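Geometric and topological summary
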Amino acid sequence: MILKSIKLSIVTLLLVLAVPLDSVGQKIKKARQAKTTTVISTAKTYMGTPYQYGGTSGQGIDCSGLMLRCFEKADYKLPRTALEQSKFGKKVSKKKIKPGDIVFFKFKAKGKKSWYHSGLVTSVINDKPKFIHASSSKGVVESDLTKDYYWKSVKGFRRVIK
């Protein structure tokens, strides 16, 4: 019985070693792409949902609640607030953002306390990224990240999907 188990282990090891590394790399890339697709398609199901501070459902949702729910569908557990989420995952430069990355903003209105906001990068075409977020005035919408209002307030990007 032990000899049979050892033979099975050796055969398994040989099969694993026989798999070309490109094949393993392709499988990892496909899994990453599937998770990215899940996160973005989940975000799109919330389009038109009204903004609700602290909300996490289709009845009303805020920016960090949207990120929480989208990544949850791809089996990632994010912290609840945008500020906490801004420390989660791997830091990414503006030049290297990809769909599925989270963008974080820090806004400051005259005479008011600053606040954090987050959104999900949905596409990057010709260096023009778009993102989905829960706008306090419009609900969940997709916006052009290169618009001055957003671009000048970007605090950073994080990549959760590895």
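These notes cover the structure that comes with them. Quick caveat: nothing in here was measured; it's all calculated off a predicted structure.

1. Section: the packing of aromatic side chains
When we look at a pair of aromatic rings, we describe it by the centre distance and by the angle of the planes. A complete count under the given rule lists seven aromatic pairs for this structure. Ring geometry for Phe-105 versus Tyr-150: centroids 5.8 Å apart, planes at 55 degrees, classification tilted. Taken together, the positions of Phe-105 in strand 4 (residues 102-107) and Tyr-150 in helix 5 (residues 148-151) put the pair 45 residues apart, joining distant regions of the chain. For the pair Phe-107 and Tyr-149, a centre-to-centre distance of 5.1 Å together with 20 degrees between the ring planes defines the contact as stacked. Here Phe-107, found in strand 4, pairs with Tyr-149, found in helix 5; they are 42 residues apart in sequence, far enough to count as distant.

2. Side note on the pattern of salt bridges
Considering all chains together, one arrives at three salt bridges under this definition. For Arg-80, the salt bridge goes to Asp-62, with nearest N and O atoms at 3.2 Å. Taken together, the positions of Arg-80 in the loop between helix 3 (63-72) and helix 4 (82-85) and Asp-62 in the loop between strand 2 (60-61) and helix 3 put the pair 18 residues apart, joining distant regions of the chain. On the basis of relative accessibility, which here comes to 6%, the residue Asp-62 falls in the buried class. The partner of Asp-101 in a salt bridge is Arg-159, and the shortest N-O contact between them spans 2.8 Å. Separated by 58 residues along the polypeptide, Asp-101 in the loop between strand 3 (90-92) and strand 4 and Arg-159 in strand 8 (residues 154-159) bring together distant segments of the chain. Accessibility expressed as a relative area gives 2% for Asp-101, which makes it buried.

3. Quick word on the nonpolar core
One recurring pattern in soluble globular proteins is that nonpolar side chains are buried together. In this structure, Leu-66, Phe-71 and Leu-78 are the most contacted members of the largest nonpolar core, which totals 23 residues. Considering every element that reaches this core, the biggest residue donor is helix 3, with six residues. Ignoring sequence-local partners within four residues, the contact set of Leu-66 consists of Ala-43, Tyr-46, Ile-61, Ile-132, His-133, Ala-134 and Val-140. Judged by nonpolar contacts, the second largest core, of eleven residues, contains Ile-97, Val-103, Phe-105 and Phe-131.

Reading the values: rules and limits
- Residues numbered from 1 in each chain as written.
- Predicted model: local features only at pLDDT ≥ 70, side-chain atom pairs only at ≥ 80, totals over all residues.
- Heavy atoms only, no water.
- Phe/Tyr/Trp six-rings, centres within 6.5 Å; stacked < 30°, edge-to-face > 60°.
- Helix = DSSP H or I, 4+ residues; strand = E, 2+ residues; numbered from the N terminus.
- Salt bridge = Lys/Arg side-chain N within 4 Å of Asp/Glu carboxyl O.
- Buried < 20%, exposed > 50% of the residue type's maximum accessible area, 1.4 Å probe, protein only.
- Core = buried A, V, L, I, M, F, W, Y, C linked by side-chain atoms within 4.5 Å.
- Contact = heavy atoms within 4.5 Å.

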